[in-house]
Amino acid sequence: MLSDELKKEIKTYPNFPKEGIFFKDMLPIFAKPKLYSRLIEQMASDPIFNQCDAIIAIDARGFLLGSSIAIKAVKPLILARKPGKLPGDLISQSYNLEYGSNCLSIQKDSLDAFKKFAIVDDLLATGGTVSCVSKILETNGRKISGLSVVIELSELNAKANFDFPVRAQIQL
Ligand code: AMP
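Residues numbered from 1 in each chain as written. Predicted model: local features only at pLDDT ≥ 70, side-chain atom pairs only at ≥ 80, totals over all residues. Heavy atoms only, no water.

Asker: In this structure, what is going on with the pattern of salt bridges? I would like to understand it.
Answerer: If the charged atoms of two oppositely charged side chains come close together, the side chains can form a pair. Tallied over the full model, the rule gives seven salt bridges. Close ionic contact of K72 with E41 constitutes a salt bridge, the shortest N to O distance being 3.5 Å. In this pair, K72 is assigned in helix α5 (residues 61-73) and E41 in helix α3 (residues 33-44), connecting sequence segments 31 residues apart. The partly exposed category is assigned to K72, whose relative accessible area is 45%. Take E41: its relative accessible area is 43%, and that puts it in the partly exposed class. Close ionic contact of E152 with K159 constitutes a salt bridge, the shortest N to O distance being 3.5 Å. E152 sits in the buried class, given a relative accessible area of 2%. (Salt bridge = Lys/Arg side-chain N within 4 Å of Asp/Glu carboxyl O. Helix = DSSP H or I, 4+ residues; strand = E, 2+ residues; numbered from the N terminus. Buried < 20%, exposed > 50% of the residue type's maximum accessible area, 1.4 Å probe, protein only.)

Here you go:
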């Protein structure tokens, strides 16, 4: 099964980037093109991508997934980026991370043509990052068809905070 093959590639680093965090490193998946391709195939086939007008991928590992899904699902791709990376008028929102805090920005005019978005990231932990993006979208009158991630840290039950579908290829 795909989920078992993906699990085999994910390495856990205890106490990274800080004490008490079990960092799940999924980068080995991207070094296996056939597995990466099957993962994208599976993620892109989700109805949340048919139901959206555009995809928002979250900095930075979310870009590796979101850009490939956008090509496969033939949907426009928009990036939510960390501070100092995007030019022009931005909509920004700060948030708390499992290990710290940060801020994400989206270019204001990149939302203009679209009403409904699917969000893509690598991993769902506390849900702070995705809440940040959903806040940007919802406060600007946009809708969300769903969230797609590779890994959900299911013990944290972040999906209980969202009123849109959450799809994860693996629960850890
Ligand atoms: P959160 O906002 O708590 O849901 O955290 C999700 C974001 O932080 C994702 O973009 C992940 O890349 C990263 N992240 C949080 N916790 C972990 C973890 N245990 N292992 C790997 N990445 C993590």
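Next comes the rest of the description.
Asker: Explain the nonpolar core here, please?
Answerer: Across soluble globular proteins, nonpolar side chains show a tendency to be buried alongside one another. M26, L65, I69 and V150 are the most contacted members of the largest nonpolar core, which has 27 residues in total. For this core, the secondary structure elements donating two or more residues are α1 (2-9), α2 (27-30), α3, α4 (47-50), α5, β7 (116-120) and β9 (143-152). Of the residues forming this core, the biggest block, six residues, is contributed by α3. Ignoring anything within four residues of it in the chain, the contact list for L65 reads F30, L39, I40, M43, V120, D121, D122 and V150. Counting 26 residues, the second largest nonpolar core, distinct from the first, contains A80, F117, C132 and V166. (Core = buried A, V, L, I, M, F, W, Y, C linked by side-chain atoms within 4.5 Å. Contact = heavy atoms within 4.5 Å.)

Asker: What exactly am I supposed to notice about the side chain of S148 here?
Answerer: One can find S148 in strand β9. The buried category is assigned to S148, whose relative accessible area is 1%.

Geometric descriptors of this kind do not, in isolation, establish any biological role.
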